[in-house]
Amino acid sequence: MNDAVGLIGHAQNAYARCIDSGNLEAWPDFFEDECTYKITTAENYAQKLEAGVIFANSKGMLRDRVASLREANIYEPHVYRHFLGQPWIVAQDASEVRSETSFFVARIMRDGTTDVYATGRYIDAYKLSAAGPKLRERIVVCDSSRFDTLLALPL
Amino acid sequence: MNDAVGLIGHAQNAYARCIDSGNLEAWPDFFEDECTYKITTAENYAQKLEAGVIFANSKGMLRDRVASLREANIYEPHVYRHFLGQPWIVAQDASEVRSETSFFVARIMRDGTTDVYATGRYIDAYKLSAAGPKLRERIVVCDSSRFDTLLALPL
Amino acid sequence: MNDAVGLIGHAQNAYARCIDSGNLEAWPDFFEDECTYKITTAENYAQKLEAGVIFANSKGMLRDRVASLREANIYEPHVYRHFLGQPWIVAQDASEVRSETSFFVARIMRDGTTDVYATGRYIDAYKLSAAGPKLRERIVVCDSSRFDTLLALPL
């Protein structure tokens, strides 16, 4: 079990580091070609409501999202800083690890204001291969149902 | 030493996960039958003042607390999200590990507001057995002496 | 790689614990005699601007800083609580480990107010020896460019 905690913990750290350093173009590479990425709320998730704030089901869609963020660039400049709990291993076999990981994201606006942007948990399915773990599915379940309209950078 | 960090880190993660998922009925099971659970402030703790905000000395008292929370249900609905530092191993032998662990708890109110609810450290004595580590003593030392009257869910 | 994560993670935990417990006199001992300690902003760091908020290049300067904090004592009493991400190992050989670690510091004022004081990353060079890792260089890169004039305790 501990090996999986270490392996997934390292993958999560790389993911957070990618976004926090602003290297959004590399973000889709944490996913399999066929993948699910969804941002939803705890309330919707508990009620099994499909409606998510953001939904993508291929790496191509994730790339499109980054491209439109870069082009549109209408959002107020800001950066994120992710903090992650230790991954909780829900299930694992030779080819896949399912885990849940608490996240806390601080947002730092251009003017220096820092606030608690979002808290919640990642519900993940990591596909294992020689190239390292890749996300087959990430469901980002936010604790709060109140979303800032600035929602722009990936969580 | 690293084995203890891994073992206690996993136990702390399970504890946080239990509360954050709202599964309060399972919370007393992280404790021994005879146990101490206390919430106090850094100021009181430093002065060795006994007065704590909350005090229990048996698993039964912890169960009573959960039951009254469920029945009374007078508090405004909210959830917690715990973030824990790496445990610091203070002492260990074959049957017990003493550790200190920083915590940060975000509170998410029903209306979606998220704030920093409490920070501090857990001062723990974990009893080891084949069934895994159980808390013989947890002293929750909060950094702030200002307590929200909403104090309801366990820390 | 995992050994270095464990080793540096433990050192970072000890460092945070030292400051959060108010034991500032022990803080310089986390550094080599010849060392660099700098606090700067992400903006300045990205532009390779030398100007930092705080700069020291010897353990003696760190000791002086603690001494003047203790003597002057003009700042409003407050404590910190550090939360650290898993260290990211950038490079390592037999004598040195270079790592980057996200930090989040909550500040608790005397009146009990708690806020997000600073977020950012430590860019570190840890010298390895039988006595354990010591900092040859720590650059504290704060995400926000807005600094509270209370900046007093070390980060």
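Residues numbered from 1 in each chain as written. Chains lettered and ligands numbered in written order. Predicted model: local features only at pLDDT ≥ 70, side-chain atom pairs only at ≥ 80, totals over all residues. Heavy atoms only, no water.

Let's shift gears to the relation of the copies chain A and chain C. Take chain A, turn it by 120°, move it 0.0 Å along the axis, and it overlays chain C with an RMSD of 0.0 Å. These values place the two chain copies in the arrangement generated by a three-fold rotation axis. With a heterologous cut-off of 20% or less, the 19% of interface residues of chain A that recur at the interface of chain C puts this contact in the heterologous class. (Least-squares fit on C-alpha atoms with pLDDT ≥ 70 in both. Contact = heavy atoms within 4.5 Å.)

It is worth spelling out the interface of chain A and chain C at this point. Residue-level contacts link 16 residues of chain A with 16 residues of chain C. Between chain A and chain C, roughly 1500 Å² of surface is buried when both sides are summed, and carbon and sulfur atoms account for 55% of that area. The three residues of chain A that bury the most area against chain C are Arg17, Arg81 and Phe83 of chain A, which together make up 38% of that side's buried surface. Taken together, the links from chain A to chain C amount to two salt bridges. For the interface between chain A and chain C, the tally reads five residue pairs in polar contact (both at pLDDT 80 or more). Counted by class, the side of chain A that touches chain C contains six nonpolar, six polar and four charged residues. (Buried area = accessible area lost by both parts, 1.4 Å probe. Salt bridge = Lys/Arg side-chain N within 4 Å of Asp/Glu carboxyl O. Polar contact = N/O pair within 3.5 Å; in protein donor to acceptor, adjacent residues only side chain to side chain. Nonpolar A, V, L, I, M, F, W, Y, C, P; charged D, E, K, R; others polar.)

When chain A is fitted onto chain B, the two copies agree to an RMSD of 0.0 Å after a turn of 120° and an axial shift of 0.0 Å. Little of the interface of chain A is mirrored in chain B, where only 18% of its interface residues are also at the interface.

Time to look at the packing of aromatic side chains. Each aromatic ring pair is characterised by the separation of its centres together with the angle its planes make. Applying the stated criterion to the full structure yields 33 aromatic pairs over all chains. Summarising the aromatic geometry, the rings of Trp27 of chain A and Phe31 of chain A are spaced 5.7 Å apart at their centres and angled 80° between planes, so their arrangement reads as edge-to-face. Across this residue pair, the class does not change: Trp27 of chain A and Phe31 of chain A are buried. Ring geometry for Phe83 of chain B and Phe104 of chain B: centres 5.9 Å apart, planes at 40°, overall tilted. Of this pair, Phe83 of chain B sits in strand S3 (residues 78-84) while Phe104 of chain B sits in strand S5 (residues 96-109), and the two are 21 residues apart along the sequence. Of the two residues, Phe83 of chain B and Phe104 of chain B, neither departs from the other in class, the shared state being buried. Every member of this aromatic cluster is reached through a ring pair, and the members are Tyr15, Trp27, Phe30, Phe31, Tyr37, Phe103 and Tyr122 of chain A. In this structure, Arg138 of chain A packs its charged tip against the face of Tyr15 of chain A, placed 4.2 Å from the ring centre. (Phe/Tyr/Trp six-rings, centres within 6.5 Å; stacked < 30°, edge-to-face > 60°. Buried < 20%, exposed > 50% of the residue type's maximum accessible area, 1.4 Å probe, protein only. Helix = DSSP H or I, 4+ residues; strand = E, 2+ residues; numbered from the N terminus. Lys NZ or Arg CZ within 6 Å of the ring centre and 35° of its normal.)

Right, let's get into the side chain of Glu96 of chain A. Residues and elements named next belong to chain A. Within the secondary structure, Glu96 is located in strand S5 (residues 96-109). At a separation of 2.8 Å, a polar atom in the side chain of Glu96 contacts the side chain of Arg136. With sequence-adjacent residues up to four places away left out, Glu96 is seen in contact with Ala91, Ala125, Tyr126, Lys127, Leu128 and Arg136.

The next point concerns the interface of chain A and chain B. Contacts between the two partners involve 17 residues from chain A, matched on the other side by 17 residues from chain B. A combined buried area of about 1500 Å² lies between chain A and chain B, and 54% of that area is made up of carbon and sulfur atoms. Looking only at chain A, the three residues that lose the most surface to chain B are Gln86, Trp88 and Asp143 of chain A, adding up to 37% of its buried area. Taken together, the connections running from chain A to chain B amount to two salt bridges. A salt bridge links Arg17 of chain B to Glu100 of chain A; its shortest N-O distance comes to 3.0 Å. In this assembly, chain A and chain B are joined by five residue pairs in polar contact (both at pLDDT 80 or more). Going through the elements one at a time, strand S4 (88-92), S5 and strand S6 (114-127) of chain A are the ones with two or more residues in the side of chain A that touches chain B. For the side of chain A that touches chain B, the class distribution of residues is seven nonpolar, six polar and four charged.

What follows covers unusual backbone geometry. One non-glycine residue, Lys48 of chain B, lies in positive phi territory at about 55°. Relative to the helices and strands, Lys48 of chain B is located in the loop between helix H2 (42-46) and strand S2 (54-56).

Residue and element names in this part refer to chain A. Take Ala130: it is sitting in the loop between S6 and strand S7 (134-142). We classify Ala130 as exposed; its relative accessible area is 92%. The sequence separation of Ala130 and Asn57 amounts to 73 residues, and the corresponding C-alpha distance is 23 Å.

Further remarks concern the environment of Gln86 of chain C. Along the chain, Gln86 of chain C falls in the loop between strand S3 (78-84) and strand S4 (88-92). Each C-alpha atom, one on Gln86 of chain C and one on Val5 of chain C, is 7.3 Å from the other, the two residues being 81 residues apart in sequence.

We now examine the pattern of salt bridges. Residue and element names in this part refer to chain A. Enumeration according to the criterion identifies 33 salt bridges over all chains in this entry. Where Arg107 meets Asp115, a salt bridge forms, and the shortest distance between an N and an O atom there is 3.3 Å. Beyond isolated ion pairs, a larger network of salt bridges with shared partners links Asp29, Asp33, Lys59 and Arg63.

Residue and element names in this part refer to chain A. The pairing of strand S1 (residues 31-41) with S7 spans seven bridges and is parallel. Across the sheet, the residue bridging to Ile39 is Val140, located in S7. Inspection of the sheet shows S1 paired to strand S2 (residues 54-56) by three bridges, in the antiparallel sense. In the strand pairing of S2, Ile39 is matched with Ile54. (Pairing = 2+ DSSP bridges.)

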